[in-house]
Amino acid sequence: MDHETSVAATVLVEELRALGSFGPETVELLLDTAREELGRFPGLTADAASTFEDYAYDFFLDRGKALTTAIRLEAEDDAALGRMIRRWLRNWLVDLNSQTALGALRDRLEKRMSRDGRFGRAPVGHYWRLNDGPTEAAAVDLAALASVARRVHVAFFPEPPDGIRRAQLGRAGELETLLEQLFKTAQGSLHISTLVHVIANRFPHVLDPLTVSTEDEVTELAAAGGVLPLEQVVEDEEQEYIEKLAQAAFESLSAQERDLILVLDDPKAAAAMLGLGKSATALRIRALKSKLIEVSGDETSVRDVARQIIALCLEVHESPPASALGDTARFVPSVPDGGQKL
C-alpha cells in the first residue's frame, strides 16, 4: 500500500523526466493552477478575450524550459512539482499584472490604501472600505463616483525635461483624499476594479504604466538621500495652477462684482455700493460667493483661488477699502455651508 502511494505521488515527476518536458498530466495541472491563480488578478481577468488557457500557454512559452529544468533537478515528488508550478506561475502573473496599465494602477491604489490608516480591506475579497465606514458592498453608481472624482483636485506633474523622474500623480495625500470621498459617496465597500475604473477615467494618462512613478521608487530614492526633482518644482507648478484659475475667474467677473468682492464681509458697505436693500444685497452676496466657488476649480483649491482673486481685485483699486486689507481668509467662501462667511 505504501509502495502504491509512493508511486502515485511521483507519477508527474517521472513523466516529466521521461519526456524531458511537460506531459499531458503536467499540462493539465498547469491549466488548473492557472485558472486558480488568475482569481488573484482581476486586472488580468477583466479582458474577456484572454482565457486562463491563454495565460497558461503564454507562461509556458516564456518560462516553460527553465521551469522544466528546475523541476527535474529539484522536485522529489508530485507535491513539490505542484508547488513549483504554482510559485513560478504566480510570480510570472505578478510581473505581467504590474506591466499592464490597469494592473499597475490597481497595484498603486492598493499600495496607497494599505499605507493609509483611513482604509482597510473588507471581509469580501478584493473589496476595500473606510475603516470607520460600513463594510457592506455599496450599490455602485459610477456616474456619481465619476462626478466626485472630478471635483477633487489631484495634481499631475509631467516628466521633467531631465528625464530623471517619471511623471507623478498627485501631491502627498491628494489621491488618498479622492479615494476617501469615493467611499463616502458610495456609503459602503467598493471592489478594487470599481476604484480602478473611476481613477482611470479621471486620469487617463495613468493607463500607461511607464508614465507614473510608483510609491516604492519615491520612497527608495528619498531613503537614499536623493533629491526628487519634482519636489523642487511642485510648489511653483501648484502656484501657477492657482494663478491661472484665479486669472480666468477674475476675467469672468463684472466690474461691479470685483468691487463687491472687497466688501463681502461688510453688508452695510455692500448695500451702499449696490444701492439695494438688506435682503436684495444678501441675495447678491450669496450669488457672488456661489459663483466664486463655481469658478475656483474644486474644493481643495477654492480657498487659494479665492484669495488670489481678491488680490487681483485689490490691484485694480488705487485706494481699496480698509477692511479689504485685513485677513483675506474672512472673504473666502465656504464650500460646506453653501457660501456663508467663514
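Thresholds applied
- Residues numbered from 1 in each chain as written.
- Predicted model: local features only at pLDDT ≥ 70, side-chain atom pairs only at ≥ 80, totals over all residues.
- Heavy atoms only, no water.
- Helix = DSSP H or I, 4+ residues; strand = E, 2+ residues; numbered from the N terminus.
- Buried < 20%, exposed > 50% of the residue type's maximum accessible area, 1.4 Å probe, protein only.
- Contact = heavy atoms within 4.5 Å.
- Areas by Shrake-Rupley, 256 points an atom, 1.4 Å probe, with all protein chains shown as cover.
- Polar contact = N/O pair within 3.5 Å; in protein donor to acceptor, adjacent residues only side chain to side chain.
- Pairing = 2+ DSSP bridges.
- pLDDT = per-residue confidence, 0-100.
- Phe/Tyr/Trp six-rings, centres within 6.5 Å; stacked < 30°, edge-to-face > 60°.
- Lys NZ or Arg CZ within 6 Å of the ring centre and 35° of its normal.
- Expected span 1.5 Å × (residues − 1).
- Arc of directions from axis to C-beta.

Asker: Summarise the overall build of the protein chain; cite the residues concerned and give the values.
Answerer: When helices and strands are tallied, the protein chain shows 16 helices and 5 strands. With 342 residues in all, the protein chain has 39% of them scored as buried. Long-range pairs, those at least 24 residues apart, make up 69% of the contacts in the protein chain with a sequence separation of at least 6. Total accessible area computed for the protein chain in this model is approximately 18200 Å², and 53% of it derives from carbon and sulfur atoms.

Asker: Can you explain the environment of H126? Please cite residues and give values.
Answerer: Tracing the backbone shows H126 in the loop between β1 (119-121) and β2 (127-130). Judged by relative accessible area, H126 falls into the partly exposed class, the value being 25%. A distance of 3.4 Å separates a polar atom in the side chain of H126 from a polar atom in the side chain of R106.

Asker: An account of the pairing of β2 is needed here, citing residue identities and associated values.
Answerer: Two elements, β1 and β2, share 3 bridges in a ladder whose sense is antiparallel. Note on β2: the bridge partner recorded for G120 is R129. Where β1 hands over to β2, the hairpin turn is made up of 5 residues, of which H126 adopts a positive phi near 70°. In terms of strand pairing, β2 meets strand β5 (residues 190-191) through 2 bridges, oriented antiparallel. Paired with Y127 across the bridge in β5 is H191.

Asker: Would you mind going over the side chain of T26 in detail, with residue names and values included?
Answerer: Mapped onto the secondary structure, T26 falls in helix α3 (residues 24-37). A residue is classified by how much of its surface remains accessible, and T26, at 0% relative accessible area, is buried.

Asker: Please set out the confidence of the model for the protein chain residue by residue, giving values where relevant.
Answerer: When pLDDT is averaged along the protein chain, the result is 74; 70% of the residues meet or exceed 70. Here residues 162-166 is modelled with pLDDT under 50, and outside its nearest four sequence neighbours on either side it reaches 18 contacts, counting other chains as well. Long-range and interchain partners of residues 208-234, a stretch whose pLDDT sits below 50, account for 50 contacts in this model, where long-range means more than four residues apart.

Asker: Describe the side chain of T10, listing the residues and the values that go with them.
Answerer: Secondary-structure assignment places T10 in the loop between α1 (2-8) and α2 (11-19). The contact partners of T10, leaving out residues within four places of it in the chain, are E76, D77 and D78.

Asker: Residue-level account of the packing of aromatic side chains, with values.
Answerer: Within a pair of aromatic rings, the relevant descriptors are the distance that separates the centres and the angle that separates the planes. Overall, the coordinates contain 3 aromatic pairs when judged by the stated rule. Measuring from ring centre to ring centre gives 5.9 Å for F119 and F183, while their planes differ by 45°; the resulting arrangement is tilted. Here the residue F119 occupies a position in strand β1, and F183 occupies one in helix α9 (residues 174-186), the gap between them amounting to 64 residues. The positively charged end of R35 is found above the aromatic ring belonging to F52, 4.8 Å away from the centroid.

Asker: Tell me what's going on with the sheet that holds β5, and back it up with residues and numbers.
Answerer: Overall, antiparallel pairing links the 3 strands, which are arranged β1-β2-β5 in an open sheet. Either end of the sheet is taken by a strand with one partner, and the two such strands are β1 and β5.

Asker: Would you mind going over the environment of S189 in detail, with residue names and values included?
Answerer: By secondary structure assignment, the location of S189 is in the loop between α9 and β5. Looking at S189, the relative accessible area reads 2%, which means it is buried. Along the chain, S189 and T135 lie 54 residues apart, while their C-alpha atoms are 5.5 Å from each other. Those residues within four positions of S189 in sequence are excluded, and the remaining contacts are A122, Y127, W128, R129, P134, T135, E136, A137 and A138. A distance of 3.0 Å separates a polar atom in the side chain of S189 from the backbone oxygen of T135.

Asker: How would you explain α3 if you had to name every residue and give the values?
Answerer: The end-to-end C-alpha distance of α3, which contains 14 residues, comes to 20 Å, matching closely the 20 Å that a straight helix rising 1.5 Å per residue would cover. Turning to α3, its buried residues are T26, L30, L31, T33, A34 and E37. Take α3 and look down its axis: the buried residues cluster within an arc of 165°, on one side only. Opposite the buried face of α3, by more than 90 degrees, sit the exposed residues P24 and E25.

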